[in-house]
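Read off the chains here:
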Amino acid sequence: MRNHGTMWSKWKHRGLPAYFLALLFTGFYVLVYWFPEPLKPLFSLLDPLSNVLRGSAADHWFLYGTVYTVAVIVMGIRMLIRYRTQRYHIYRTLTLMAVQLMLSYLIPALLMRIGSKEFYFSYFWPLKPEYLFPSSITALVQSNDGLLMFMGFWTIAMTVIATPVLTYFYGKRWYCSWVCGCGALAETAGDPFRQNSNKTLAAWKIERWMVHSVLASVIAITGLLWWANVDPTSPLASFAQGANRVYGFLIGSVFSGVIGVGFYPLLGSRVWCRFGCPMAAVLGILQKYASRFRITTNGSQCISCGNCSTYCEMGIDVRAYAQRGEDIKRASCVGCGVCATVCPRGVLKLENR
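Now for a look at the structure at hand. (Residues numbered from 1 in each chain as written. Predicted model: local features only at pLDDT ≥ 70, side-chain atom pairs only at ≥ 80, totals over all residues. Heavy atoms only, no water.)

**Observations concerning the overall build of the chain**
No. 1: Looking only at helices and strands, one finds 17 helices and 2 strands in the chain.
No. 2: Against the globule reference of 20 Å for 353 residues, the chain gives a C-alpha radius of gyration of 21 Å, in line with a compact fold.
No. 3: Residues classed as buried in the chain amount to 50% of the 353 residues present.
No. 4: Within the chain, contacts between residues separated by at least 24 positions form 72% of all contacts whose residues are at least 6 apart in sequence.
No. 5: Of the accessible surface of the chain, which amounts to about 16,600 Å², a share of 67% is contributed by carbon and sulfur atoms. (Helix = DSSP H or I, 4+ residues; strand = E, 2+ residues; numbered from the N terminus. Rg over C-alpha atoms; globule rule 2.2 N^0.38 Å. Buried < 20%, exposed > 50% of the residue type's maximum accessible area, 1.4 Å probe, protein only. Contact = heavy atoms within 4.5 Å. Areas by Shrake-Rupley, 256 points an atom, 1.4 Å probe, with all protein chains shown as cover.)

**What about the pattern of salt bridges?**
No. 1: With the rule as written, the count across this model stands at 14 salt bridges.
No. 2: Residue Glu187 pairs with Arg92 through a salt bridge whose shortest N-O separation is 3.0 Å. Placement of Glu187 in helix H9 (residues 181–188) and of Arg92 in helix H5 (residues 87–113) is noted, with a sequence separation of 95 residues between them.
No. 3: Residue Arg92 is classed as buried on the basis of its relative accessible area, which comes to 0%.
No. 4: The residue Glu207 makes a salt bridge to Arg274 at a minimum N-O spacing of 2.6 Å. You can see Glu207 sitting in helix H10 (residues 201–230) and its partner Arg274 sitting in helix H13 (residues 271–275), a full 67 residues away along the chain.
No. 5: The exposure class of Glu207 is buried, given its relative accessible area of 5%. (Salt bridge = Lys/Arg side-chain N within 4 Å of Asp/Glu carboxyl O.)

**A short note on the side chain of Ser256**
No. 1: Within the element layout of this structure, Ser256 appears in helix H11 (residues 236–262).
No. 2: From its side chain, Ser256 meets the backbone oxygen of Gly252 in a polar contact 2.5 Å long.
No. 3: Not counting chain neighbours up to four residues away, the residues in contact with Ser256 comprise Ile251, Val261 and Trp272. (Polar contact = N/O pair within 3.5 Å; in protein donor to acceptor, adjacent residues only side chain to side chain.)

**Section: the layout of surface pockets**
No. 1: Here the largest pocket defines a volume of roughly 1,200 Å³.
No. 2: Going through the elements one at a time, helix H1 (16–34), helix H4 (60–82), H5, H9, H11 and H13 are the ones with two or more residues in the lining of the largest pocket.
No. 3: Sorting elements by how many residues they give to the lining of the largest pocket places H11 first, with 10 residues.
No. 4: Considering only residue class, the lining of the largest pocket consists of 25 nonpolar, 12 polar and 6 charged. (1 Å grid on protein atoms, 1.4 Å probe; cavity = no way out; pocket = protein on both sides within 12 Å on 5 of 7 lines; lining within 4 Å. Points joined across faces, edges and corners; volume = space filled by probe spheres on them. Nonpolar A, V, L, I, M, F, W, Y, C, P; charged D, E, K, R; others polar.)

Treat this as a map of the structure, not an account of what it does.
Printed below as a string of structure tokens:
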């Protein structure tokens with residue numbers, strides 16, 4: 001895999017143009033989330049498409065979804081060209097593009113058109129915490145509408161059954177590198193910036209504290225909301241609602257959107273996945289302690305070139321494992337497989353043992 005000039009590119013390696021891109025991405029998210037009025041001329045252009053798909057005029061969220069999906073598809077085509085000799089990346093990229101287009105764009109829009117609930121079949125608790133909140137899940141499961149009831153049982157089945165089972169067999173890569181919308185954008189639009197991830201020991205320590213703190217917050221908020229559902233007069237009811245609003249603003253908007261994507265050109269493509277995503281935290285715990293997935297190494301072939309560590313978007317020092325001939329079974333690894341692709345000696349292999 002050729003990466004000539006990557007570390008000297010001002011666009012890809014924190015030059016002045018990279019800061020301009022970060023400002024552009026961040027500004028777009030700020031406008032979409034909190035000040036959409038200046039974007040009205042843009043999303044008005046999408047009215048014909050929105051009327052066809054959703055049966056209503058476009059709004060800023062439809063604009064956001066369209067831009068997001070186009071970015072995944074256009075940059076996904078770039079990935080297909082760049083990794084055209086690697087079947088793993090071809091299948092993975094095609095899957096990410098299809099899931100984003102179908103499950104995260106067309107189907108939610110068509111559900112709105114038929115008057116049903118907008119629902120994303122590729123997102124589960126705790127990444128989409130509201131899907132298991134009592135107000136949401138009880139309304140779905142107890143609905144007389146078969147489609148809504150299916151959504152409810154889909155959410156429960158994917159969270160409680162599919163997630164641990166698939167992670168046991170394939171590691172967290174089945175979701176983070178093949179299904180998740182955040183991963184789809186990171187693996188396509190974020191690929192040119194993957195080498196900017198922080199590989200220091202300090203970053204790893206911060207990562208572990210932050211991602212597990214976010215997971216603990218989601219668990220606590222979900223538990224409090226269920227407690228409040230059982231006892232609406234409890235003082236915890238208003239506290240739970242307030243905590244949920246704070247979480248939605250700080251984590252759901254500022255962290256996952258503005259920082260998570262806006263800082264791609266400066267901090268790499270997996271800032272959100274690495275430091276904030278509660279779904280990544282759950283999958284990481286399962287992967288580390290109860291999964292067959294690992295990256296095996298052949299230390300005798302390693303020439304310590306460091307390509308694997310440089311292009312690891314999760315900041316893992318892959319080379320250190322390869323030099324020791326030690327299998328890599330890290331909670332943060334999303335199994336993208338780029339470390340194995342850029343290795344000139346074929347030292348690394350993704351395996352399910």
